[in-house]
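Observations on the three-dimensional arrangement
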Amino acid sequence: MEQHDFFMRQAIELANENILNGGGPFGAVIVLNGVVVGKGSNQVTNHNDPTAHAEVLAIRNASKNLNRFDLSNCVLYTSCEPCPMCLGAIYWARIPKVFYGNTRKDAASIGFDDDFIYQELSQPIEKRSILMEPLLSSEAFKTFKDWNLKVDKKAY
């Protein structure tokens, strides 16, 4: 467990440093075989990018450093329970284990929307606060058919 504490403290330190640099209070590291291969700290306000969360940036950094999108043999340490967007990215990266410090309720208590978004996603699509309506579905599906027939595609 000491090794886990060591890497979690790195994620927390990234969050602490990030506050001093004008970013949000979130940090993350990705570890492969006991070595940090990716780091990220929340850059939403610094980059004017709502997707620049610590976990997403750590995934991007690890994928670049390892030259692959499959991080299935890595571990993610993050200073806070991942928001739904980051959790989706974690699933896409196939990271099998996540350690987190603060909870989404902790994040909500200081004004972050994570818990609200989790609640929204649990609602039927027609009850969510963002209107979503299908449009040109048959035309769009042709692209999926073309992809499905492509023999040289790289599956992910």
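Everything below is about the structure printed above this text.
Reference entry: report on the structure contained in this document. (Residues numbered from 1 in each chain as written. Predicted model: local features only at pLDDT ≥ 70, side-chain atom pairs only at ≥ 80, totals over all residues. Heavy atoms only, no water.)

Focus on the pattern of salt bridges
Side chains bearing opposite charge may pair, as long as their charged atoms lie close to each other. According to the stated counting rule, one finds five salt bridges in the structure shown. Between Glu81 and Arg104 there is a salt bridge; the shortest N-O distance is 3.1 Å. Within this pair, whereas Glu81 is found in the loop between β3 (75-80) and α4 (84-93), its partner Arg104 is found in helix α5 (residues 104-109), the two being separated by 23 residues in sequence. A relative accessible area of 14% places Glu81 in the buried class. By relative accessible area, Arg104 is classed as partly exposed at 25%. With a shortest N-O distance of 2.9 Å, Asp146 and Lys142 are connected by a salt bridge. Of the two residues, Asp146 and Lys142 both sit in helix α7 (residues 137-149), four residues apart, roughly one turn of that helix. (Salt bridge = Lys/Arg side-chain N within 4 Å of Asp/Glu carboxyl O. Helix = DSSP H or I, 4+ residues; strand = E, 2+ residues; numbered from the N terminus. Buried < 20%, exposed > 50% of the residue type's maximum accessible area, 1.4 Å probe, protein only.)

What about unusual backbone geometry?
In the Ramachandran plot, Asn67 falls in the positive-phi region, its phi being about 60 degrees despite a non-glycine side chain. Looking at the element boundaries, Asn67 is found in the loop between α3 (54-66) and β3. The backbone of Arg94 shows a phi angle near 65 degrees, a positive value even though the residue is not glycine.

Fair warning: the whole summary comes from geometry, so function is off the table for now.
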